[in-house]
Amino acid sequence: MNTFLPSRLFSLTRLRSNRDMQSLYDDAASGWQSGIRKLTFDTAYQELVRHPRVPVAHNRVLDAGCGTGALAQAYLCQTHYDGEIDLLDLSHHMLAQAQASIPQANILHGAVGDVPLDHRYDVILCAHVIEHCADPDAALRWLKSHLAPGGTLVLSVSRPHWCTTLVRWRWGHASYRPDQVVEMMQQSGFKNVNIAPFKSGPPSRLSSGYIANSPNPVA
Ligand SMILES: C[S@@+](CC[C@H](N)C(=O)[O-])C[C@H]1O[C@@H](n2cnc3c(N)ncnc32)[C@H](O)[C@@H]1O
């Protein structure tokens, strides 16, 4: 039996359509980056990308559901990667903010799990997006399908907390315990799944980081 079905069913009752989500995040875009800083997610993201298993990409990077690009900025700053980087989001206003802070990025509009992409990435960054997806397993499989063999997924997902329960009413997202996320990632075909907990501040209570690889048949 799927042990976390009840929490998913509860979550599904709150999930929004992509169209609603786009307008919600369009409205939030101008204040998003200052909210990230206030809650210290910028620091948490820097911590996450310093994880020894996060490589410097040699080909192409995607931030899927990039918002204002906070995780991509942390990655670029930490690794000094200067190759191709694609930023994908449903919200045009979020994408405009992300483009302003990472002018060299290629901007892609569309939904994780839906939009066809032309590339396989050696690193995919994805923070607080699968919680918005009606089928998070399908979203994870989509992310895996866009990784090159052996590529790395750097993921951050909201954890259950009284605060995330309140936040859910506004943003309509689910939250998953770290063991649930690990199970979902493994079932979606990811290998070497590690939890990379945030160490301090609100991110340590509200969220967790994860690192995983797509299978590499030649390894
Ligand atoms: C909670 S915000 C996180 C933004 C950013 N990753 C960060 O950590 O600051 C969720 C973002 O994902 C976008 N989003 C939600 N569902 C999406 C989907 N299915 N595909 C692409 N973007 C999505 C929203 O527009 C929003 O910008």
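Values in this document were obtained by computation on a predicted structure and should not be read as measured data.

Visitor: Explain the overall build of the chain to me, and be specific about the residues and the numbers.
Guide: Looking only at helices and strands, the chain features nine helices and seven strands. Counting the 219 residues in the chain, one finds 54% classified as buried. Contacts spanning at least 24 positions in sequence make up 70% of the contacts within the chain whose residues lie at least 6 apart. Element-wise, carbon and sulfur atoms account for 54% of the exposed surface of the chain, whose accessible area totals about 10200 Å².

Visitor: So, the pattern of salt bridges: which residues are in play, and what are the values?
Guide: The tally for this structure, following the rule as stated, stands at three salt bridges. Among the salt bridges present, the one from Asp86 reaches Arg60, with a minimum N-O distance of 3.1 Å. A residue pair is termed long-range when its members are at least 10 positions apart, and Asp86 in strand 2 (residues 84-89) and Arg60 in strand 1 (residues 60-64) qualify at 26 residues. Under the relative-accessibility criterion, Asp86 is labelled buried at 2%. Relative accessible area serves as the criterion here: at 13%, Arg60 is assigned to the buried category.

Visitor: So what's going on with the sheet that holds strand 4 (residues 121-127)? Which residues, and what values?
Guide: Reading across from one edge, 3-2-1-4-5-7-6 is the order of the seven strands in this open sheet, with mixed pairing throughout. Looking at the sheet topology across the chains shown, the edges are occupied by strand 3 (106-109) and strand 6 (191-196). Geometrically, the sheet is characterised by an average inter-axis angle of 15 degrees between neighbouring strands, direction not taken into account. Bridge count between strand 5 (residues 147-158) and strand 7 (residues 207-213): seven bridges; the pairing is antiparallel. Within strand 7, the residue paired with Val157 across the bridge is Ser208.

Visitor: So what's going on with the layout of surface pockets? Residues and values would help.
Guide: Here the largest pocket defines a volume of roughly 1000 Å³. Lining the largest pocket are 49 residues, with Tyr25, Trp32, Ala127, His128 and His132 positioned closest to its centre. Counting residues per element, the ones that place at least two in the lining of the largest pocket are helix 2 (18-38), helix 3 (41-49), helix 4 (70-79), strand 2, helix 6 (136-145) and helix 7 (162-171). Take the lining of the largest pocket: its biggest share by element is nine residues, from helix 2. Residues that form the lining of the largest pocket fall into these classes: 26 nonpolar, 17 polar and six charged.

Visitor: Lay out the packing of helix 2 against helix 5 (residues 92-101) in plain terms, naming residues and giving numbers.
Guide: The angle between the axes and the distance between the axes are what describe a pair of packed helices. Interaxial distance between helix 2 and helix 5 falls to 7 Å at its minimum, and their mutual angle equals 30 degrees. Here helix 2 is positioned roughly parallel relative to helix 5, judged by the angle of their axes. For the pair formed by helix 2 and helix 5, the contact residues are Gln22, Tyr25, Asp26, Ala29, Ser30 and Trp32 on the first element and His92, His93, Met94 and Gln97 on the second.

Parameters at a glance
- Residues numbered from 1 in each chain as written.
- Predicted model: local features only at pLDDT ≥ 70, side-chain atom pairs only at ≥ 80, totals over all residues.
- Heavy atoms only, no water.
- Helix = DSSP H or I, 4+ residues; strand = E, 2+ residues; numbered from the N terminus.
- Buried < 20%, exposed > 50% of the residue type's maximum accessible area, 1.4 Å probe, protein only.
- Contact = heavy atoms within 4.5 Å.
- Areas by Shrake-Rupley, 256 points an atom, 1.4 Å probe, with all protein chains shown as cover.
- Salt bridge = Lys/Arg side-chain N within 4 Å of Asp/Glu carboxyl O.
- Pairing = 2+ DSSP bridges.
- Axes fitted to C-alpha atoms, helices over the stretch in contact; angles between N-to-C directions.
- 1 Å grid on protein atoms, 1.4 Å probe; cavity = no way out; pocket = protein on both sides within 12 Å on 5 of 7 lines; lining within 4 Å.
- Points joined across faces, edges and corners; volume = space filled by probe spheres on them.
- Nonpolar A, V, L, I, M, F, W, Y, C, P; charged D, E, K, R; others polar.
- Parallel < 35°, antiparallel > 145°, perpendicular 65-115°, else oblique.

Function cannot be inferred from these measures alone, as they are strictly geometric.
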